[in-house]
Amino acid sequence: MMETKIEKRNSLLILLISFTFTSCASQVEVLTPSSMFIYPESSGEMGKGTLTLHNMNGSMLGVSLSATSEDESLETGKSQIALGATGFIGVNEKIDIYAKAGTHSPNIIGAKIQLKGENQLETHSKNTSVAIILGAGQNNYTGSGNENFNLELTDADFSFNRTHTTAQIGVLAGWRYEQYILLYGGYTKLIENIHGKVDYDGSPVDGKSIDIDGNHTQYTLGWLYEYDEYNLAAEYSFQQMHWLGGSQKMIQAFNFGIGFDY
C-alpha cells in the first residue's frame, strides 16, 4: 500500500514538472481555398462579365511555433469556413480578366483565354469549351491568423510579419448538358510562398526568418445553372497539398456560389 502511494506521488511530481517546463506551441494559419468559379466559356464581349459570391473551403496549413524550440512544424488539414467573391469581365470574345477576393487568403488577379468552343453569348446545347487560366496575388499578415481585415480574434504570444504569395495556372474544360446547364472540370497547379520574421520575446525563435514553399495540385468538378442573368454553381474539389518540409495530404472540399451577369 505504501509503495502504491509513493508511485502515485512520483507520477504526479513528474506530471507537474513536465507541465511546468513544457510550453504550449502557438500556431500560424495559412488558408489555400479550393474554390474556382471560373468557367471555361468566356464572357464573349468587352465589358460583359459575371460576379459570384461563394464560400472558400479548402486546406489549412498550421505552422506551429514553440517558445522553447527554434524549429517550426507543419500540419495540413481542412480549412475553416471562409467567404469570397470571384468576378470576371470580357476583354474580347475569347479573353476575360478575372479577380478573386476573400476573407482569409491573398486576392488574385488573372486572365482566362478560351481556346475552343463558343463563348457564353453564343453557347448552345452540347457546346464543348476549353480554356487556360493564369493568375497571381499577394497579401501581408502580422498575427497568427490570415484574416484580410485585421481580425485578430485571439491573443497570440508572438507576431509573425509575413508575406503570402500565391500563383495559379490551369486548364478548364466544359460541356453544355443543355442551354442553361454547364458541366465543367479543371486541373490547376497552385504555387505558394510564405516568408517573414518572427517576433516572439523570450523564445529561441525570436527574430527568426521563416520561408515556406508549397507546390500543390487541384482537381475541380463543377456544375453551373443559368437563369436569365442569375446563376447557381457548385464545385467539388480535390487538393493534393505539398508544403516543403511537411507531409503530402489530399483535401476534399465542397463550395457553393450564387452570381449574376452584368
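Here the structure is a predicted model, which means the values were calculated and not measured. (Residues numbered from 1 in each chain as written. Predicted model: local features only at pLDDT ≥ 70, side-chain atom pairs only at ≥ 80, totals over all residues. Heavy atoms only, no water.)

**Some points on the overall build of the protein chain**
Secondary structure summary: the protein chain contains one helix and 13 strands in total. Traced from its N-terminal end to its C-terminal end, the protein chain shows the element sequence α-β-β-β-β-β-β-β-β-β-β-β-β-β. Expressed as a percentage of its 262 residues, the buried residues of the protein chain come to 46%. For the protein chain, restricting intrachain contacts to residue pairs at least 6 apart in sequence, the fraction spanning at least 24 positions comes to 66%. For the protein chain, the accessible area works out to roughly 13500 Å², and carbon and sulfur atoms hold 60% of it. (Helix = DSSP H or I, 4+ residues; strand = E, 2+ residues; numbered from the N terminus. Buried < 20%, exposed > 50% of the residue type's maximum accessible area, 1.4 Å probe, protein only. Contact = heavy atoms within 4.5 Å. Areas by Shrake-Rupley, 256 points an atom, 1.4 Å probe, with all protein chains shown as cover.)

**Remarks on empty space enclosed by the protein**
All told, the structure shown has three cavities of 30 Å³ or more when counted by the stated rule. Put simply, the largest cavity is a space of about 140 Å³. Taken together, 16 residues make up the lining of the largest cavity; nearest its centre are Pro33, Ile108, Thr166, Gln168 and Leu190. Of all the secondary-structure elements, those providing two or more residues to the lining of the largest cavity are strand E1 (26-33), strand E9 (159-178) and strand E10 (181-199). The dominant element in the lining of the largest cavity, judged by the number of residues it contributes, is E9, at three residues. (1 Å grid on protein atoms, 1.4 Å probe; cavity = no way out; pocket = protein on both sides within 12 Å on 5 of 7 lines; lining within 4 Å. Points joined across faces, edges and corners; volume = space filled by probe spheres on them.)

**Points about the layout of surface pockets**
Gaps between atoms show up when a probe of the same size as a water molecule is rolled over them. Roughly 180 Å³ of internal volume is contained in the largest pocket. Around the largest pocket, the lining residues are Lys48, Gln120, Leu121, Thr123, Arg176, Gln179, Tyr180, Glu226, Asp228 and Asp261. Taken together, the residues that form the lining of the largest pocket break down as two nonpolar, three polar and five charged. (Nonpolar A, V, L, I, M, F, W, Y, C, P; charged D, E, K, R; others polar.)

**Section: the pairing of strand E6 (residues 95-102)**
By the alternation rule, side chains of E6 split into Asp96, Tyr98, Lys100 and Gly102, which are all buried, and Ile95, Ile97, Ala99 and Ala101, of which none is buried. Sheet topology note: the strand E5 (residues 83-90)/E6 ladder contains seven bridges and is antiparallel. Note that in E6 the partner of Phe88 across the bridge is Tyr98. Where E5 folds back on E6, the antiparallel hairpin that results is connected by four residues. (Pairing = 2+ DSSP bridges.)

**Observations concerning a nonpolar patch on the surface**
Where nonpolar side chains cluster on the molecular surface, the patch consists of Leu53, Trp175, Tyr177, Tyr180, Leu183, Trp223, Tyr225, Tyr227, Leu232 and Ile258 and spans about 1000 Å² of accessible area. Elements that contribute at least two residues to the nonpolar patch include exactly E9 and strand E11 (209-227). In terms of residue count, E11 provides more of the nonpolar patch than any other element does, three residues in total. Exposure remark for Leu232: the relative accessible area of 42% places this residue in the partly exposed category. (Patch = residues over 30% accessible without salt bridge, like charges linked within 9 Å, V, L, I, M, F, W, Y side chains within 5 Å. Salt bridge = Lys/Arg side-chain N within 4 Å of Asp/Glu carboxyl O.)

**Observations regarding the sheet that holds E9**
One closed barrel holds the 10 strands; their spatial order is E2-E5-E6-E7-E8-E9-E10-E11-E12-E13, and the pairing between them is antiparallel. Neighbour-to-neighbour, the strand axes of the sheet open up by a mean angle of 20°, direction not taken into account. Pairing analysis gives 17 bridges linking E10 to E11, with the strands arranged antiparallel. In the sheet register, Lys189 faces E11, and the bridge partner there is Thr217. (Axes fitted to C-alpha atoms, helices over the stretch in contact; angles between N-to-C directions.)

**Remarks on the pairing of strand E2 (residues 49-55)**
By the criterion of burial, E2 is predominantly enclosed, with five of the seven residues buried. Note: E2 against E5, seven bridges, orientation antiparallel. Opposite Thr52, over in E5, you have Thr86 as the bridge partner.

**Here we look at the packing of aromatic side chains**
Following the criterion strictly, the structure yields seven aromatic pairs and no others. Where Tyr39 meets Phe88, the ring centres are 5.9 Å apart and the plane angle is 80°; that geometry is what we call edge-to-face. Here Phe88 lies in strand E5 and Tyr39 lies in the loop between E1 and E2, a separation of 49 residues in the sequence. Judged by relative accessible area, which is 5%, Tyr39 ranks as buried. (Phe/Tyr/Trp six-rings, centres within 6.5 Å; stacked < 30°, edge-to-face > 60°.)

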